[in-house]
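Understanding the architecture of this molecule
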Amino acid sequence: MEKSYLVAEHCFTIQAPETVFECMSQYEPFLTEEALPKVFKLSICQTSVKFEDFTEDYRQVDKGFFIVFGHTKEREHVFLFYLGDQIESWIICSEDFSLGTLYLFGKATKFSVNNGLMALFAFATAPLNTLFFHSAVISYKGRGYMFLGKSGTGKSTHARLWLQHIKGTELVNDDNPVVRINDEGEVFVYGSPWSGKTPCYRNVNYPLGGIVKLRQSPYNKIQRVKGIDAYMVIRRSAASMRWIKTIADGLHASENHIAKATPIWLLECLPDEAAARLCQSEIAYEG
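Residues numbered from 1 in each chain as written. Predicted model: local features only at pLDDT ≥ 70, side-chain atom pairs only at ≥ 80, totals over all residues. Heavy atoms only, no water.

1. Notes on the packing of aromatic side chains
To keep things clear, this is the line we draw: Side-chain rings of Phe, Tyr and Trp, where Trp is taken by its six-membered ring, are said to pair if the distance between their centres is within 6.5 Å; with planes under 30 degrees apart they count as stacked, over 60 as edge-to-face, and otherwise as tilted. By the criteria applied, helices consist of DSSP H or I runs no shorter than four residues and strands consist of E runs no shorter than two, each listed in order from the N terminus. The rule is simple: take the accessible area with a 1.4 Å probe, protein chains only, and divide by the maximum for that residue type; under 20% is buried, over 50% is exposed, in between is partly exposed. For a ring to carry a charge above it, either NZ of a lysine or CZ of an arginine must fall within 6 Å of the ring centroid while also lying within 35 degrees of the normal to the ring plane.
If you walk through the whole model with that rule in mind, you get 23 aromatic pairs. Taking the centre distance of 5.6 Å and the plane angle of 50° together, the rings of Phe-121 and Trp-194 count as tilted. Highlighted residues: Phe-121 in helix H2 (residues 109-125) and Trp-194 in the loop between strand S15 (187-190) and strand S16 (205-216), separated in sequence by 73 residues. Among the residues examined, Trp-194 registers a relative accessible area of 2% and is labelled buried. Here a set of aromatic residues connected by ring pairs shows up, and it is made of Tyr-5, Phe-12, Tyr-27, Phe-40, Phe-121, Phe-132 and Trp-194. Of note, Arg-224 hangs over the ring of Trp-265, and the distance from its end group to the ring centre comes to 5.4 Å.

2. Details of the sheet that holds strand S4 (residues 38-46)
The condition is simple: In this description, strands pair whenever DSSP reports at least two bridges between them. Contact definition: two residues touch when any of their heavy atoms are within 4.5 Å. Lines fitted to the C-alpha atoms define the axes, with helices restricted to the stretch that makes contact. Angles between their N-to-C directions range from 0 to 180 degrees.
Spatially, the 9 strands line up as an open sheet ordered S3-S1-S2-S4-S9-S8-S7-S6-S5, and their pairing is mixed. Only two strands of the sheet have a single neighbouring strand rather than two, namely strand S3 (31-32) and strand S5 (55-62). In terms of strand pairing, S4 meets strand S9 (residues 99-104) through 6 bridges, oriented parallel. Bridge pairing links Ile-44 to Leu-102 in S9. In the packing of H2 onto the sheet, the strands contacted are strand S1 (2-7), strand S2 (10-15), S4, strand S6 (65-71), strand S7 (77-83), strand S8 (86-93) and S9, and the crossing angle to S4 comes to about 155°.

In short, the description is geometric, and any link to function would need to be established separately.
Quick look at the structure:
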């Protein structure tokens, strides 16, 4: 079975058994039947043979799981996905990320599909004016606003405070939005099929009105961030395989453009209504 999806105006195709698509209900808002160019095609299949013939380049560790990135002797890219210390799956893909195969080794199919698609999408679109962010995003009066910060800073909490106390606010994505720069240089933020612990899988997009870096504090204070500081706010929330030149160059160009084109703030705050209202009064576009 084969299906195509459109995320941030990038189309990709999945070829997999029907049982795999049964685990992909969050992708349904992004289904498309349009005949569009594909950024990648991923085939998904089961395997009982553990893959070990690769060279490790980097690993990303998170709570309860980690991902190993590497390459084969043929210079194909390899991503291995672990839950705890048990391997669940891996992807082998072409040098330009346009073709790949996801091999399901364990039982955590949904985990493997989600993480595999997130990784492949991020790498395949990095040279195409596109960034994957770790962020909570809300929409307000026709624009999108992103809240960034280290894990546990309170991104989801701050977004929830807007939803509770500022009329007209809607949640766009709670963890993994996509930002894309169009041909005119305008910056848009998109919902995605990936949203962390909060199920928010909306196929919507908004002009990016602003980015707010959150920092926990015993008081509420907001200030603009500019220049290299603005660039670093973006760079720290848009990680990828920067040891690959085409990806590093694409990410740098996008990050630099967004830092110049988008207002960026630092919000030192408490997790309270006053913080949300202070932020809204300072950053929100009221046109």
